[in-house]
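Tertiary structure, described
Chain by chain, the residues run as shown.
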Amino acid sequence: QHFDECYPSLHKKTIAISNFISWETILKKAEEPCGFLVMKDKLNIITLGRLETEKQHKQLLYIAKSLKEQNIDFHWYFVGDGCLRDELRELCVELGLKNNIIFTGSLENPYSLLKQCNLMLLWSEYEGTPITIDEAKVLGVPVIARDVGGIYDQLENEKYGVVLQDSSLIGITIKKLKKEKTDTKDNWIDFNRNVAQQIIHLFEV
């Protein structure tokens, strides 16, 4: 807005990009070896972020327990490291999730794993415009996220994922999307998976 005020003649030629990311680099790195055996017959969830309080990993573990109790067969990858690492690992064992949760630690290249997952789940206590959502969009990975910061705008009115306010709705949402997969026998979630091409086209115009 300030730029437009200073240069009104350029108003129609100006766009705002919250996070400038290299889609070409992300797509290239996504084709590299993953280092993890991702089982296609399971629901594969990924959460990327520091293992710290504001990222709400503890709450995610309880959500994982609920999914397991609902007989949803899943693997959930927690990518990142931080001060809560040991505590979260212990809680994971206490909740009986040792075979469901994979703590990967920090990954130099998370994109090859992200690309193979069915959805990304982000449940931070607060966020601005998290770059992980933009990275998921480039790879066509649907997002379930908490309604904080600019996430709703990032997902373009839920075009690329689902925005929730209550964690109790996560399990319900996943079960609904799982049913949609069975009904459509197509993509796991019927969101637009050609985001990268749209970004390329944007810069070509």
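Let me sum up the structure you'll find in this document. (Residues numbered from 1 in each chain as written. Predicted model: local features only at pLDDT ≥ 70, side-chain atom pairs only at ≥ 80, totals over all residues. Heavy atoms only, no water.)

The subject of this paragraph is the pattern of salt bridges. Pairing between side chains of opposite charge can happen when the charged atoms of each approach one another. Under the counting rule described, the total for this entry stands at 9 salt bridges. The closest approach of N and O atoms between glutamate 54 and arginine 50, which form a salt bridge, is 2.9 Å. Since its relative accessible area comes to 41%, arginine 50 is described here as partly exposed. A salt bridge links arginine 85 to aspartate 81, with the nearest nitrogen and oxygen atoms 3.4 Å apart. Of the residues examined, aspartate 81 reaches a relative accessible area of 30% and is grouped as partly exposed. (Salt bridge = Lys/Arg side-chain N within 4 Å of Asp/Glu carboxyl O. Buried < 20%, exposed > 50% of the residue type's maximum accessible area, 1.4 Å probe, protein only.)

Here we take up the sheet that holds strand S4 (residues 119-122). Backbone hydrogen bonds hold the strands of a sheet together, and the pairing may be parallel or antiparallel. The 6 strands are arranged S3-S2-S1-S4-S5-S6 in an open sheet whose pairing can be described as parallel. Every other strand in the sheet has two partners, leaving strand S3 (101-105) and strand S6 (161-164) as the edge strands with one partner each. Averaged over all neighbouring strand pairs, the angle between strand axes comes to 20°, with direction disregarded. Alignment of strand S2 (residues 74-79) against S3, held across 4 bridges, turns out to be parallel. In the strand pairing of S3, valine 79 is matched with glycine 105. The strands touched by helix H3 (residues 57-69) within the sheet are strand S1 (43-48), S2, S3 and S4, with S2 carrying the most contacts at an inclination of about 170°. (Pairing = 2+ DSSP bridges. Helix = DSSP H or I, 4+ residues; strand = E, 2+ residues; numbered from the N terminus. Axes fitted to C-alpha atoms, helices over the stretch in contact; angles between N-to-C directions. Contact = heavy atoms within 4.5 Å.)

This brings us to the pairing of S4. Burial along S4 is two-sided: Leu119 and Leu121 facing one way and Met120 and Leu122 facing the other are all buried. Where S1 and S4 come together, 2 bridges link them in parallel fashion. Residue pairing for S4: isoleucine 45 is matched across the bridge by leucine 119. Note that S4 and strand S5 (residues 143-146) share 3 bridges and pair parallel. Within S5, the residue paired with leucine 121 across the bridge is isoleucine 144. For the crossover from S4 across helix H6 (residues 131-138) to S5, the handedness is right-handed. (Right-handed = clockwise from strand over helix to strand, strands pointing away.)

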